[in-house]
Amino acid sequence: MLSSFRKAWRLLRRLSGDDAYEQYLSHYALKHSATAEHEQHPLLTKAEFFKQWQDEKWNGIKRCC
Amino acid sequence: MTPLLKTIPWLLIAVLGAFALSAIALNRGENISALWFITAALCVYALAYRFYAAWLAATVLVIDETRATPAERLDNGRDFIPTHKWIVFGHHFAAIAGPGPLVGPTLAAQFGYLPGTLWIILGAVIGGCVQDMVILFLSTRRNARSLGQMARDELGPLGGTAALIGTFTIMIILIAVLGLVVVNAMKHSPWATFTVSATIPIAMIVGVYMRYLRPGQVLEGSLIGVVLLLLSVVGGRFIDADATLRLVFDREGLTLAWWVMAYGFAAAILPVWLLLAPRDYLSTYMKAGTITLLAVAIITLQPTIKMPAITAFIDGTGPIFGGKLFPFVFITIACGAISGFHALIASGTTPKLLSNERDIRMIGYGGMLLESFVAIMAMIAATVLEPGVFFAINSGVGVVGADAASAVAKISSWGYPVTVEHMQLLAKQMGEESLFARTGGAPSLAVGMASIFGSAFGESLLALWYHFAIMFEAIFILTTLDAGTRVGRFMLQDMLGNIWPKMGETSWTPSVILTSALVVSGWGYFLYIGVIDPNGGVNILWPLFGIANQMLAAIALCVATGILIKSGKQKYAWVTGLPLTWLIIITSTAAYQKITSTDIRIGFFAAANDLSDKLAAGSLSVEKANIAPQLIFNLQFDAWLTVFFISLLWLIVFDMLRVAVRTLNGQPVLPLTESPHNPSRLVEDWVRD
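Residues numbered from 1 in each chain as written. Chains lettered and ligands numbered in written order. Predicted model: local features only at pLDDT ≥ 70, side-chain atom pairs only at ≥ 80, totals over all residues. Heavy atoms only, no water.

**Considerations on the overall build of chain A**
Here is the rule we go by: Here a helix means four or more residues in a row that DSSP labels H or I, a strand means two or more in a row labelled E, and each is numbered from the N terminus. Classification of residues uses two cut-offs on accessible area relative to the type maximum, computed with a 1.4 Å probe and protein chains only: under 20% is buried, over 50% is exposed, and between them is partly exposed.
Scanning chain A for helices and strands turns up four helices and zero strands. Ordering the α and β elements of chain A from the N terminus gives α-α-α-α. The buried share of chain A, taken over its 65 residues, is 35%.

As structure tokens, then:
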């Protein structure tokens, strides 16, 4: 019961983009931190990341009839 | 399990589905429960998904689970992200399901419940779902390229240009007709106008909250927004009750149309975080919540359908829009059965999230099945109303007359009895002054939804449910409107950028203002004409939108068919070729009738000539004579627009046939642009988190 509630909560957070920054952090840890790219792509703060994420998300057709 | 045991449940589903379909198809004169509609739809969907979609995936497209998707290969942690299939499904469905599947079935209910219902179910499983799934597959195999790019790469520059122009014009018509639906829902309704207006500052509060007060806390911000929205529905009642405040929100259609245009312009130039993004969150939650609620209510309450299976209006004399059953039911219900617009989402946006090709069936085919189901629910909500009430709400004053007594007399004379008292009582229950001639589909859908919800939660709440339903429709209509205006602005900037590069800079203020103003005046023009049109405007704009949307679907299916043939799969080209042929037949017939028909309720030129004859003869009232020149010009313009749409369609059909014939003859064609096979490295449990 508790675990399915937790699952639903995770699904909701993922769907809404509530955990986008956490995803970014894990992507960063995986892909950038160990390489030279680290210098070119410094880690963004939550506010900085959210700005970029939101602006990019709206660059194209996102809604339909 | 033995094969036989596995087959039995599917046989039962097939029998049940056939039984439910024949129950709704053969029923005459008796009241039928909405549960039959749900059963028929779900059984057909289940069979189609289990067998047809699975066959498409395995045999036609040859889905390869071991192949890395663009999301995996190009993973950048932002737009390309391998994502769990249910999450992608959620995003995809939220993107494709707009107000279209709610409005179309409501309007098409003038033919009775049967034609629309059959087209929604069968059109989706054979046409719409196939289009969405195949385009999603093709784009996934091409680094998530857009439909326009794929058309250019695979067919040639002609196809690419046609797709681009098609997308732009359909956007303009779509926004205009949706704007008209909102305006008609708010006209002289202080409660609805207040609630809809309140969604703008509420979205801004949420936007500021997410951006500055608590950056990135999307769910917190959304929760605040949803609570405020519900309060605004309740608050509207107090505005409506207040003698002075209600005057502020009690407006003519034309005034509201100017407000909507000003809003669209503001939304296109304001930063997205302030208005577009937060409004989109709110509308998505509202949409998901309300549609779920409606489904639960229909399944548990099993309302009775009051509309007959088929009405006399299949002969083309219908009050909501003119034109015979064939081809107009197929034009009126675009979204819900097949919608070209989905191809724009299925290419470009969704493939960037797909973690494995095997999810294509569920997201492409399954997503459209769910949209089709939404359309079925809209059909139910429209047909649970007494037919007399349904026609009283949806018939324009140009058809039934402006005063209540003549309207009810006319509607009753069609065999759908309704009284002034009944309409007044209903309006009072819904908290409105009048429900006559509230064209556009939104008010009648809201009355239908309110009566379904009302029977579950008590009649005293009818007015609240009605305005909740209006707010729910308006909020995502406005989301489509502002997102569409913005996309239109980008497309226009892109096109103008080819002529003058400076115009192509999306952040150069003069370009932003100029292109936004151009896009808004484009749809604003159609909206303005729609509002002043005494026949309600929807009767002209909706068929135009339907033709445009089906044309875009035909373009997408041309691209798909062309690629299937180029890939050596001509044996299976019928899977997209069949729906394509049907779309070509219905759009061409509809366009032909819209252009050449001598019936003034169908033919644009006929209507224009009739009006100018009347104007010349002086037989129009002063009021009508004043607007007649604009209406005449618009009718002629619409006729030429239809000519343009249909020429564009045939151009791309011939372009596709050219590519097909050259391929089959072994002559050189543009090479396939499928990206090479890269093995997937994603570990199952890692990405499926």
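So that's the structure; there's more coming.
**Comments concerning the overall build of chain B**
Note the following rule: C-alpha atoms define the radius of gyration in this analysis, and the globule rule sets the expected value at 2.2 Å times the number of residues to the power 0.38. Between two residues, a contact is recorded if the distance between any of their heavy atoms is within 4.5 Å. Only the protein chains shown count as cover for residues, and the accessible areas themselves come from Shrake-Rupley with a 1.4 Å probe.
Across its full length, chain B carries 28 helices and two strands. By the compact-globule yardstick of 26 Å for 689 residues, chain B fits well, its C-alpha radius of gyration being 25 Å. Across its three principal axes, chain B shows a C-alpha extent of roughly 70 × 65 × 60 Å. Buried positions account for 61% of the 689 residues belonging to chain B. The contacts of chain B with a sequence gap of at least 6 include a subset with a gap of at least 24, amounting to 82%. Carbon and sulfur atoms provide 67% of the accessible area of chain B, an area that totals close to 24,500 Å².

**As for helix H5 (residues 100-108) of chain B**
Taking burial as the measure, the nine residues of H5 of chain B include nine buried ones, the bulk of the element. For H5 of chain B, the set of buried residues is Gly100, Pro101, Leu102, Val103, Gly104, Pro105, Thr106, Leu107 and Ala108 of chain B.

**Digging into empty space enclosed by the protein**
Note the following rule: For each structure, a 1 Å grid was placed over the protein atoms alone; sets of points admitting a 1.4 Å probe that cannot get out are labelled cavities, open sets with protein on both sides within 12 Å along at least five of seven lines are labelled pockets, and lining residues have an atom within 4 Å of a point. Grid points are joined across faces, edges and corners, and a volume is the space filled by probe spheres set on the points. Throughout this entry, Asp, Glu, Lys and Arg are counted as charged residues, while Ala, Val, Leu, Ile, Met, Phe, Trp, Tyr, Cys and Pro are counted as nonpolar. The remaining residues, Gly among them, count as polar.
Under the counting rule described, the total for this entry stands at seven cavities of 30 Å³ or more. Roughly 60 Å³ of internal volume is contained in the largest cavity. Around the largest cavity, the lining residues are Gly60, Ile61, Lys62 and Arg63 of chain A together with Met171, Leu174, Phe341, Thr480, Ala483, Gly484 and Val487 of chain B. Among the secondary structure elements, those contributing two or more residues to the lining of the largest cavity are helix H8 (157-186) and helix H22 (462-499) of chain B. Among the elements that line the lining of the largest cavity, the one with the most residues is H22 of chain B, at four residues. Residue composition of the lining of the largest cavity, by class: six nonpolar, three polar and two charged.

**Describing the pattern of salt bridges**
All names here are of chain B. Put simply, the rule reads: Salt bridge, as used here, is a side-chain nitrogen of Lys or Arg placed within 4 Å of a carboxyl oxygen of Asp or Glu.
In total, this model carries 21 salt bridges over all chains according to the counting rule given. In this structure, Arg358 engages Glu65 in a salt bridge whose closest nitrogen and oxygen atoms are separated by 4.0 Å. Here the residue Arg358 occupies a position in the loop between helix H15 (342-349) and helix H16 (360-383), and Glu65 occupies one in the loop between helix H2 (34-60) and helix H3 (70-73), the gap between them amounting to 293 residues. What makes Glu65 partly exposed here is its relative accessible area of 44%. Linking Arg658 and Asp655 is a salt bridge whose minimum nitrogen-to-oxygen distance equals 3.0 Å. Remark: Asp655 and Arg658 occur in helix H27 (residues 622-664); sequence separation between them is three residues, near one turn of the helix.

**Quick notes on the layout of surface pockets**
All names here are of chain B. Of the voids in this model, the second largest pocket is the one considered here, and its volume is about 810 Å³. Residue lining of the second largest pocket: 27 residues in total, with Lys187, Val397, Val531, Asp533 and Pro534 positioned closest to the centre. Of all the secondary structure elements, the ones that give two or more residues to the lining of the second largest pocket are H8, helix H12 (253-269), helix H23 (509-532) and H27. Looking at the lining of the second largest pocket residue by residue, the class counts come to ten nonpolar, ten polar and seven charged.

**What to know about the interface of chain B and chain A**
What counts is decided by this rule: Two parts placed together each lose some accessible area under a 1.4 Å probe, and adding up what both lose gives the buried area. Residues adjacent in sequence count toward polar contacts only when both atoms are side-chain atoms; beyond that, a polar contact is any pair of N or O atoms within 3.5 Å, and within protein one must be able to donate a hydrogen and the other to accept it.
On the side of chain A, 34 residues touch chain B, which itself brings 52 residues to the contact. Summed over both partners, the interface of chain B with chain A buries about 3,600 Å², with 61% contributed by carbon and sulfur atoms. There are zero salt bridges connecting chain B and chain A. There are four residue pairs in polar contact (both at pLDDT 80 or more) connecting chain B and chain A. The element best represented in the side of chain B that touches chain A is helix H4 (residues 85-96) of chain B, accounting for seven residues. Class assignment for the residues of the side of chain B that touches chain A results in 31 nonpolar, 16 polar and five charged.

**Digging into a nonpolar patch on the surface**
To be explicit about the condition: Patch building starts from residues that exceed 30% relative accessible area and form no salt bridge, then joins like charges within 9 Å and nonpolar side chains (Val, Leu, Ile, Met, Phe, Trp, Tyr) within 5 Å.
A surface patch of nonpolar side chains, amounting to about 400 Å² of accessible area, comprises Leu4, Leu5, Ile8 and Leu12 of chain B. Of note, Leu12 of chain B is situated in helix H1 (residues 3-26).

**Comments concerning the packing of H5 of chain B against H16 of chain B**
Residues and elements named next belong to chain B. Stated formally: Convention adopted: a line fitted to C-alpha atoms gives each axis, helices being fitted over their contacting stretch, and angles between N-to-C directions are expressed from 0 to 180 degrees. Any angle from 65 to 115 degrees is called roughly perpendicular, while one under 35 is roughly parallel, one over 145 is roughly antiparallel, and all others are oblique. Left-handed describes a crossing in which the near helix is turned anticlockwise from the far one by less than a right angle; the clockwise case is right-handed.
At a minimum axis distance of 8 Å, the contact between H5 and H16 shows a crossing angle of 40°. Judged by the inter-axis angle, H5 sits oblique to H16. The crossing of H5 and H16 is right-handed. Where H5 approaches H16, its residues Pro101, Leu102, Pro105 and Thr106 are matched on the opposing element by Glu371, Val374, Ala375, Ala378, Met379 and Ala382. Taken together, the residues of the contact of H5 with H16 sort by class into eight nonpolar, one polar and one charged.

**Focus: the packing of aromatic side chains**
Residues and elements named next belong to chain B. This is how the line gets drawn: Centres within 6.5 Å make a pair out of two Phe, Tyr or Trp rings, where for Trp the six-membered ring is used; the pair is then stacked when the planes are under 30 degrees apart, edge-to-face when over 60, and tilted otherwise. Criterion for a charge above a ring: Lys NZ or Arg CZ within 6 Å of the ring centre, and within 35 degrees of the ring normal.
Inspection of the entire model under this criterion finds 39 aromatic pairs over all chains. Aromatic ring contacts, followed pair by pair, group Phe313, Phe390, Phe391, Trp414 and Tyr416 into a single cluster. The ring of Phe51 has Arg50 lying over it, and the distance from NZ or CZ to the ring centre is 4.7 Å. A cation over an aromatic ring shows up here: Lys594 above the ring of Phe604, its NZ or CZ 4.9 Å from the ring centre.

**With respect to the nonpolar core**
Residue and element names in this part refer to chain B. Stated formally: Remark: nonpolar core denotes a set of buried residues (Ala, Val, Leu, Ile, Met, Phe, Trp, Tyr, Cys) joined through side-chain atoms within 4.5 Å.
Residues Phe341, Tyr365, Ile380, Leu435, Trp523, Leu527 and Phe545 are the most contacted members of the largest nonpolar core, which totals 253 residues. The element that contributes the greatest number of residues to this core is helix H24 (residues 538-566), accounting for 20 residues. Ignoring any residue separated from it by four or fewer positions in sequence, one finds Trp523 in contact with Ile172, Ile175, Ala176, Val260, Met261, Gly264, Leu481 and Thr485.

**With respect to the confidence of the model for chain A**
Operational definition: Residue-level confidence of the predictor is summarised by pLDDT, bounded by 0 at the bottom and 100 at the top.
Confidence in the prediction of chain A, expressed as mean pLDDT, is 81, and 88% of residues score 70 or more. Within chain A, the element-level pLDDT minimum falls on helix H3 (residues 37-40) of chain A, averaging 59, and the maximum on helix H1 (residues 2-16) of chain A, averaging 88.

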